[in-house]
Amino acid sequence: MKINPKNNPNIEYISRDEIRGIQSGRLIDTVSYVYRNSAFYRRYYIENGISPEDIKSLDDLNKLPFITRDHLANLSDEMVCVPRSEWIDICPTSGTTGQSIYFPMTKNDLILFARICARGAYSLGIDRNDTVQVMLTSDNLLQPTKIMTYMFQFEIGSLALRVGPVGTERQVKLMRDLKPDVLFGISTYLQSLGRSLDKYEFDPKKELDLKLLISTGSTIYHSRWSPTALHREVSEIWGAPYYSILGSTELNTGFWECPARNGHHVHQDYFIAEIIDPDTGKTLSPGERGELVMTAMGREAMPLVRYRTGDITSLEIDECPCGRKNPRIMAIVGRRDQMLKIKGTLAFPLQVEEAVLSVQGIKAHFIEVVNDENGQAQLNITIAPDPDLENAPEEVTERVKSRTLITPRVSLDTRESIESVWYSEKRVKPRKFRDKRKKVS
Ligand SMILES: [Zn+2]
């Protein structure tokens, strides 16, 4: 694999001891900085008996208490470390859960975002000669879209066309006129756009010479990092390799997949990634699955120290075949609050979905957890199979049972009806899972 040293900072190739030294220094500085500048952190650390002097190296990380999404939702004003006159932009969360939270950025935060995010783009070979057609939505994902576009334009020097998810006709016209090298959009949009190209007699494999496709916002890998059906379809339609970016508004960054297809690389000089047991908070070993905890350092407006992301995944720390030594975040199998505890068995919606999609010919599906007539959790799955697929409900029941040990109730519906549920409540991303149980805790 060709690495351009000019475009790939040495920081991604240095030894584990060297990076620990850098992380230790930045952790000490970050804890001291938030203690001095954020009313929330100062109070929280005093309540937990922590003083900045207690943090002398990375080994002291687990002395620091976690912060949660509840802290962000209720106390984000007190978490901000700079006065409003220093803000130049804000990123709202994508709004998939709960209320909106706004993340302010200073000018230096924006520059830092671009600098470290560009490493992922460089690793995939995107450079100043490329034209990137940015098709991300312009609702509350607008700000991350804008700063990602800024990264392409100012850090890499690519021509970035901020098109948004406009109609097919306009996208096709732009593609014919400007011949983009890279398409950047959410996975379901790249899929639906791709499916509608025939109408315009546009074959991207003949008319374009796409280098690659990138997307953020949806999982395009199964839990063992094998591509989903959507991943394969999008790559096939557009005739180009397709890569994933794990974007996070809270962490104000994107972690990029590399050409080796081996997880999302963490920019470890500015982020410390940990995996913890979601119930006990105990740190888990590389490869073990648990909740992702991130510390975002080097930021002015809103650093985060030991933030529980709620995402369930695992970390790999062995050297990637691409040569970079930073850790990699593997597929997000679910959110902590989506963990299904059904009759004593633990599973995630993604595992159920993988089992459903392992049956060839399921055109659409919807997964739901409800309380049954006895108040017990019950897994319901609605499927739209191909008409010639006999015994689809029995087949799906068997696959789900063998992968999760949970016995679902499976019913049939039409593809249109299921898809209308996905996009109900004006959702941008399809929602294929719903937990309708009354929350006990
Ligand atoms: Zn790699």
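Above this text is the structure in question.
Here's what I pulled together on the structure shown here. Keep in mind that this is a model prediction, so the values were computed, not measured.

What follows concerns the overall build of the protein chain. The number of helices and strands found in the protein chain is twelve helices and 21 strands. Computed over the C-alpha atoms, the radius of gyration of the protein chain is 22 Å, within 12% of the 22 Å expected from 2.2 N^0.38 for a compact globule of 441 residues. On the principal axes, the C-alpha backbone points of the protein chain span a range of 70 × 60 × 40 Å. Looking at the protein chain residue by residue over its 441 residues, the buried ones come to 38%. Sequence separation of 24 or more characterises 67% of the internal contacts of the protein chain that already satisfy a separation of 6 or more.

As a further point, take the packing of helix α10 (residues 349-357) against helix α11 (residues 392-404). At their nearest, the axes of α10 and α11 sit 8 Å apart, and the two run at 140 degrees to each other. With respect to α11, the axis of α10 lies oblique. Crossing handedness for the pair α10 and α11: right-handed. Of the residues in α11, those in contact with Q351, V352, A355 and V356 of α10 are V396, R399, V400, R403 and T404. Its residues placed into classes, the contact of α10 with α11 shows five nonpolar, two polar and two charged.

Next up on the list: the sheet that holds strand β9 (residues 264-265). A sheet is described by the order of its strands in space; here three strands give the open sequence β9-β14-β13, paired in antiparallel fashion. Of all strands in the sheet, those with a lone pairing partner are β9 and β13 (315-316), marking the two edges. Pairing geometry for β13 and strand β14 (residues 328-329), over two bridges, is antiparallel. Bridged to L315 within β14 is I329.

On to α11. Owing to its 3.6 residues per turn, the α-helix brings residues three or four apart onto one side. In this model, α11 (13 residues) spans 18 Å end to end at C-alpha, consistent with the 18 Å of a helix rising 1.5 Å per residue. Taken together, the buried positions of α11 are occupied by A392, E395, V396, V400 and T404. Projected onto a plane normal to the axis of α11, the buried residues spread over an arc of 130 degrees and lie on a single side. Turned more than 90 degrees off the buried face of α11, the exposed positions are E394 and S402. Against β17 (345-347), α10, β19 (377-385) and β20 (409-412) lie the buried residues of α11. Two residues or fewer after α11 comes L405, characterised by a positive phi angle close to 70 degrees.

All right, on to helix α1 (residues 16-37) then. Look at α1: 31 Å from first C-alpha to last across 22 residues, which is about the 32 Å you get at 1.5 Å a residue. Taken together, the buried positions of α1 are Q23, R26, L27, T30, V31, Y33, V34 and Y35. Buried residues along α1 sit against α2 (39-47), β10 (271-276), β11 (290-296) and β12 (304-313).

Let us look at unusual backbone geometry. Unlike most non-glycine residues, K179 shows phi in positive territory, near 45 degrees. Tracing the chain through its elements places K179 in the loop between α6 (168-178) and β5 (182-184). Overall, K179 belongs to the partly exposed group, with 13 C-beta atoms counted inside 10 Å. Even without glycine at this site, R261 takes up a positive phi of about 50 degrees. Structurally, R261 can be placed in the loop between β8 (253-256) and β9.

The next thing to look at is the packing of helix α7 (residues 187-195) against helix α9 (residues 229-238). Taken N-terminus to C-terminus, the directions of α7 and α9 make an angle of 45 degrees; their axes are 9 Å apart at the nearest point. Looking at the two axes, α7 sits oblique to α9. The element α7 and its partner α9 pack so that their crossing is left-handed. Of α9, the residues touching α7 (which contributes S187, L190, Q191 and G194) are L230, E233, V234, I237 and W238. Of the residues that constitute the contact of α7 with α9, the class distribution is five nonpolar, three polar and one charged.

Quick look at the sheet that holds β11 now. Read from one edge to the other, the open sheet built from four strands follows the order β10-β11-β12-β15, with strand pairing classed as antiparallel. Pairing within the sheet leaves two strands with one partner each, and these edge strands are β10 and β15 (334-335). Relative to β11, β10 runs antiparallel, the two being bridged by six bridges. Bridge pairing in β11 places F271 opposite A296. Across the sheet, α1 touches β10, β11 and β12, and the angle it forms with β12 is around 115 degrees.

Calculation criteria
- Residues numbered from 1 in each chain as written.
- Predicted model: local features only at pLDDT ≥ 70, side-chain atom pairs only at ≥ 80, totals over all residues.
- Helix = DSSP H or I, 4+ residues; strand = E, 2+ residues; numbered from the N terminus.
- Rg over C-alpha atoms; globule rule 2.2 N^0.38 Å.
- Buried ≥ 20, exposed ≤ 12 C-beta atoms within 10 Å, placed from the backbone.
- Contact = placed C-beta atoms within 7 Å.
- Axes fitted to C-alpha atoms, helices over the stretch in contact; angles between N-to-C directions.
- Parallel < 35°, antiparallel > 145°, perpendicular 65-115°, else oblique.
- Left-handed = near helix turned anticlockwise from the far one by under 90°.
- Nonpolar A, V, L, I, M, F, W, Y, C, P; charged D, E, K, R; others polar.
- Pairing = 2+ DSSP bridges.
- Expected span 1.5 Å × (residues − 1).
- Arc of directions from axis to C-beta.

As far as function goes, none of this settles anything; it's purely spatial.
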